[in-house]
Amino acid sequence: MLRLRAIYTCSWRVFQFRTCSCKPLISQMIKCTDEEQAFELIKKNKATFSEKQVECAFNILWQFQQQRTSFLKNVDCIRDYPHFLTLHNLATSQIEFMDDDTLVNVLYFIQQCAPEAHDLLVEALVIESWRRLERFDINVLSKFSSCLANQHLYYSPLMGKIADIVHRNLETIDDLRLKSTILLMSEELTSQQALAVMSAMEEMESRNSHLIKKIASILHKHLDDYKPFELLKITQTLIFLHFQSKELFVKLRELLLRYLKISVIPSEIAILVYALSILPSSNLGEVEISQIEAVLPQCDLNDLNGFATSVLRWIQYDRKYLDSTTGKQLKLLQKLDHYGLQRLRKCNSLNLLWKELKSLKGDWFTESLLEETVATLLRLMDEINSKNVAEIASFISRTNYLNTLLLDRIASVVVQQIEKIHPFEILGIILPFSALNYDPPQNDEFFRICIQHLNSYLSGLEPPMLVFLGFSLAALGYFPEDLLKAIFNIKFLSKLDSQLELLCSSLNRRVQFRLMELNRAVCLECPEYQIPWFHDRFCQQQYNKDIGSMNGAQKQIYKMLAEVLGGYNCVKASVLTPYYHRIDFECVLDKKKKPLPYGSHNTTLGKLPEMHWESNTQITGSRLPPGAERIALQFLDSRAFCRNIPHLKGKSAMKKRHLEILGYHIIQIPHFEWNCMALSTKEARMDYLRERIFGEGKS
């Protein structure tokens, strides 16, 4: 990802013009004997004040404050000066020009001088520090962590981020102040603060074992004070952070079982059972099973899903350790199926159904209830309206289940009621059409209306959402010029770059990949927009990390292709195209459909795929003999298709378009064809490959 913000900021700073040197004024401020003289200098020179002079002014005021015997009286004195607000405004205007050390020094001094007088300035300084956090040297980081501690931000996500940086650089840290601020401050945390810090560390994916152990000890001390849902959160977080303590987990199990014995609320029982299921070496006893069965008639879909997820985890655990799976657990699973299907069939309100559906996920729901859920949505689809259409559409996109009647109804509602739909909901509405590769009957009108409805609000969308929106439309083959102009410009990319630093790592990667894929799609499908390709370095880094390996089916195909084509030198495996699409296998046929050998340039298994064309952005001029054809063979597993029918999903369809633009003839090998009974022998599969490549039957 380009660090455009840094480039932009540096360039801007280079050309900032200072009318005079800051040193003479700093020398004058140092000679001041009281606040009166300092504020008089600020008043006279406010038009030319630099960021260094702002830092010096606060430093001088802080020194005067330290010399006074009455701290509170002095604070009031500083606030009362009419030009304190002038200094406050000067500091606000100079934030972007401050170097890291100056930035944190100003934050520190202003906290000391007038701790309650300037919430907005402190907030701005903290936000700017957050943006620069990764580049802070350890001394600046130390002072910044002290500033957060002064504001009692012990459980801020920032502390989790700082803890992560400390952990990564622990061996090089000599500053005991930083270590003590992060590790010893934990003694002051309340039960809720400790829970918040642990949650922040989970969000930051911290692996600082010292801090994790410290916070876990506080959680352990307060364990009796937590409610069931908090005990679940503690259990999930400790396991995510790979924390191990037999004593703590035993105490957790005892508390969960104690709550379970007295609980009569289905949702609470579901939480407790789920927490028990994720504890190490835990299992479901007959007493707990009986208690679950007793509340099943009162459960909604969320409760049933929670119970099913827990039971499936226990069954999997029993099989892993060769324990006998009790008949009670399997019978409980059957009862959960029964009550789930029964609840769906009795539902007569789409809004009530949606309250239970919106957070459902997991294997049990997908395998046991998805078909019936779609049938229920079809039965109630006349209730789809402008208020719920975006939510229903988003749910459908998550299921990977293509039902054209439902999507047609969604498109119809949008076309008829577009003025009642908030523009920010358009992304959720478009998602199932994009993900499932479906054009409704009135597709041109539907997408035109959606795009027009958005155009006036593009500047109000958060950058990650704008990227997702652009990609979703590109997957469908739509490239609105206004949207692309809003994304592919320096100002937007700088803003996006700064926001990426604040996202969790998984979402950060997802946004970056979607931007790359959108950039690739625009370059290939809309070259007239002249948007440059700027993801070479990003793609090279990703593919260096993710070389990957072939699955069983791909290995079979590779060996058979070598036989069909006349040797391994006639087929390339795991090829990268220009713009970094990965192809499972590539071969070249001359005008008589005879395979052409690659010679010594063939890619061997297990090595990094190479782009053997002349340039990663060159589409034409690939130096094939006249009449020759480049063929791409792709094995498509179940992820390439909708869940219920063999319909190609959006990303796979877009990749096919791109490979065709690059000059490939595409041969797709669906998993359900390769693994069917008709191709159960090697001879049958060899004939299948010959037919697909050469148009021939049996040899």
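Residues numbered from 1 in each chain as written. Predicted model: local features only at pLDDT ≥ 70, side-chain atom pairs only at ≥ 80, totals over all residues. Heavy atoms only, no water.

- Looking at an unreviewed UniProt entry, one finds the protein named FAST kinase domain-containing protein 1, mitochondrial isoform X2 and attributed to Vulpes vulpes.
- Checking UniProt for the protein, the heading Subcellular location (unreviewed entry) contains the comment "Mitochondrion". (UniProt positions renumbered as here; feature names shortened; annotations may be inferred.)

### Digging into the pattern of salt bridges
And step 1. Summed over all chains, the structure comprises 20 salt bridges.
And step 2. The salt bridge involving Lys251 is made with Asp224; its shortest N-O contact spans 3.5 Å. With Lys251 in helix α15 (residues 246-262) and Asp224 in the loop between α13 (209-221) and α14 (228-240), this residue pair connects regions lying 27 residues apart in the sequence.
And step 3. Of the residues examined, Asp224 reaches a relative accessible area of 44% and is grouped as partly exposed.
And step 4. We note a salt bridge from Glu356 to Arg343, for which the minimum N-O separation is 2.9 Å. With Glu356 in helix α20 (residues 350-357) and Arg343 in helix α19 (residues 327-346), this residue pair connects regions lying 13 residues apart in the sequence.
And step 5. Residue classification places Glu356 among the buried positions, given a relative accessible area of 14%. (Salt bridge = Lys/Arg side-chain N within 4 Å of Asp/Glu carboxyl O. Helix = DSSP H or I, 4+ residues; strand = E, 2+ residues; numbered from the N terminus. Buried < 20%, exposed > 50% of the residue type's maximum accessible area, 1.4 Å probe, protein only.)

### Side note on the packing of aromatic side chains
And step 1. The final tally for this structure, using the stated rule, is 17 aromatic pairs.
And step 2. Ring centres of Trp533 and Tyr579 lie 5.2 Å apart, and the angle between their planes is 80°; this geometry places the pair in the edge-to-face category. Here Tyr579 lies in the loop between β1 (572-576) and β2 (582-589) and Trp533 lies in the loop between α29 (505-525) and α30 (536-545), a separation of 46 residues in the sequence. For the pair shown, Trp533 and Tyr579 are each scored as buried.
And step 3. Taken together, a centroid distance of 5.1 Å and an interplanar angle of 65° make the contact between Phe641 and Phe672 edge-to-face. Residue Phe641 is found in the loop between β3 (629-636) and α32 (650-661), and its partner Phe672 is found in helix α33 (residues 671-674); the two are separated by 31 residues along the sequence.
And step 4. Judged by relative accessible area, Phe641 falls into the buried class, the value being 8%.
And step 5. You can call Phe672 partly exposed: its relative accessible area is 35%.
And step 6. Counting every residue linked through ring pairs, the aromatic cluster contains Phe433, Tyr438, Phe446, Phe447 and Tyr478.
And step 7. Against the face of Phe471 rests Arg514, its NZ or CZ located 4.5 Å from the ring centre.
And step 8. Sitting over the ring of Tyr598, Lys572 keeps its end group 5.2 Å from the ring centre. (Phe/Tyr/Trp six-rings, centres within 6.5 Å; stacked < 30°, edge-to-face > 60°. Lys NZ or Arg CZ within 6 Å of the ring centre and 35° of its normal.)

### Digging into the sheet that holds β2
And step 1. The 4 strands are arranged β1-β2-β3-β4 in an open sheet whose pairing can be described as mixed. Of all the strands in the sheet, the pair left with one neighbour each is β1 and β4 (664-670). Strand after strand, the sheet turns through a mean of 40° between neighbouring axes, direction not considered.
And step 2. When β3 meets β4, the two strands line up parallel, connected through 7 bridges. Its bridge partner being in β4, Leu633 is matched across the sheet by Ile667.
And step 3. Running at roughly 5° to β2, helix α31 (residues 552-565) makes contact with β1, β2, β3 and β4 of the sheet.
And step 4. Across the face of the sheet, helix α34 (residues 682-694) comes into contact with β2, β3 and β4 while running at roughly 155° to β4. (Pairing = 2+ DSSP bridges. Axes fitted to C-alpha atoms, helices over the stretch in contact; angles between N-to-C directions. Contact = heavy atoms within 4.5 Å.)

### A short note on the confidence of the model for the protein
Low-pLDDT portions of the prediction should not be read for the details of their coordinates.
And step 1. Scored by pLDDT, the protein comes out at a mean of 82, with 82% of its residues at no less than 70.
And step 2. Within the model, pLDDT remains below 50 along residues 69-76, and this stretch shows 10 contacts once partners closer than five positions in the same chain are excluded. (pLDDT = per-residue confidence, 0-100.)

### Quick word on the packing of α20 against helix α22 (residues 389-399)
And step 1. Taken N-terminus to C-terminus, the directions of α20 and α22 make an angle of 45°; their axes are 11 Å apart at the nearest point. One way to sum up the angle between α20 and α22 is to call them oblique. The two elements α20 and α22 meet at a crossing, and its hand is left-handed. For the pair formed by α20 and α22, the contact residues are Leu350, Trp354 and Leu357 on the first element and Glu391, Ile392, Phe395 and Arg398 on the second. (Parallel < 35°, antiparallel > 145°, perpendicular 65-115°, else oblique. Left-handed = near helix turned anticlockwise from the far one by under 90°.)

### Side note on α15
And step 1. The terminal C-alpha atoms of α15 lie 25 Å apart, and with 17 residues this matches the ideal 24 Å at 1.5 Å per residue to within 8%.
And step 2. Residues of α15 that are buried include every one of Leu248, Phe249, Lys251, Leu252, Leu255, Leu256 and Leu260, and no others.
And step 3. Elements in contact with the buried residues of α15: α13, α14, α16 (266-278) and α17 (286-295). (Expected span 1.5 Å × (residues − 1).)

### Points about a nonpolar patch on the surface
And step 1. A cluster of nonpolar side chains, Phe424, Tyr457 and Met465, forms an exposed patch at the surface whose accessible area comes to about 260 Å².
And step 2. Positionally, Phe424 belongs in the loop between α23 (404-417) and α24 (426-435). (Patch = residues over 30% accessible without salt bridge, like charges linked within 9 Å, V, L, I, M, F, W, Y side chains within 5 Å. Areas by Shrake-Rupley, 256 points an atom, 1.4 Å probe, with all protein chains shown as cover.)

### Some thoughts on the packing of helix α28 (residues 490-500) against α29
And step 1. Remark: α28 packs on α29, axes separated minimally by 10 Å, with the N-to-C direction vectors making an angle of 155°. On the basis of their axis angle, the class for α28 and α29 is roughly antiparallel. By crossing handedness, the relation of α28 to α29 is classed as left-handed. On α29, the residues that touch Leu493, Leu496 and Leu500 of α28 are Asn508, Val511, Gln512 and Leu515.
And step 2. Across the contact of α28 with α29, the residue classes break down as 5 nonpolar, 2 polar and no charged. (Nonpolar A, V, L, I, M, F, W, Y, C, P; charged D, E, K, R; others polar.)

### A closer look at the side chain of Asp303
And step 1. Tracing the sequence through the fold places Asp303 in helix α18 (residues 301-320).
And step 2. Buried and without a salt bridge, Asp303 has Arg343 as its closest oppositely charged side chain, separated by 7.5 Å.
And step 3. Asp303 has contacts with Pro266, Ser267 and Ala270, leaving out every residue within four places of it along the chain. (Lys, Arg positive; Asp, Glu negative; His and termini not counted.)

### What to know about the pairing of β2
Put simply, side chains in a regular strand alternate between the two faces of the sheet.
And step 1. Where burial is concerned, most of β2 is hidden: 8 out of the 8 residues are buried.
And step 2. In this structure, β1 lies alongside β2, joined through 4 bridges in antiparallel fashion. What sits directly across from Ala573, in β2, is Phe585.
And step 3. Two elements, β2 and β3, share 5 bridges in a ladder whose sense is antiparallel. What sits directly across from Phe585, in β3, is Leu633.

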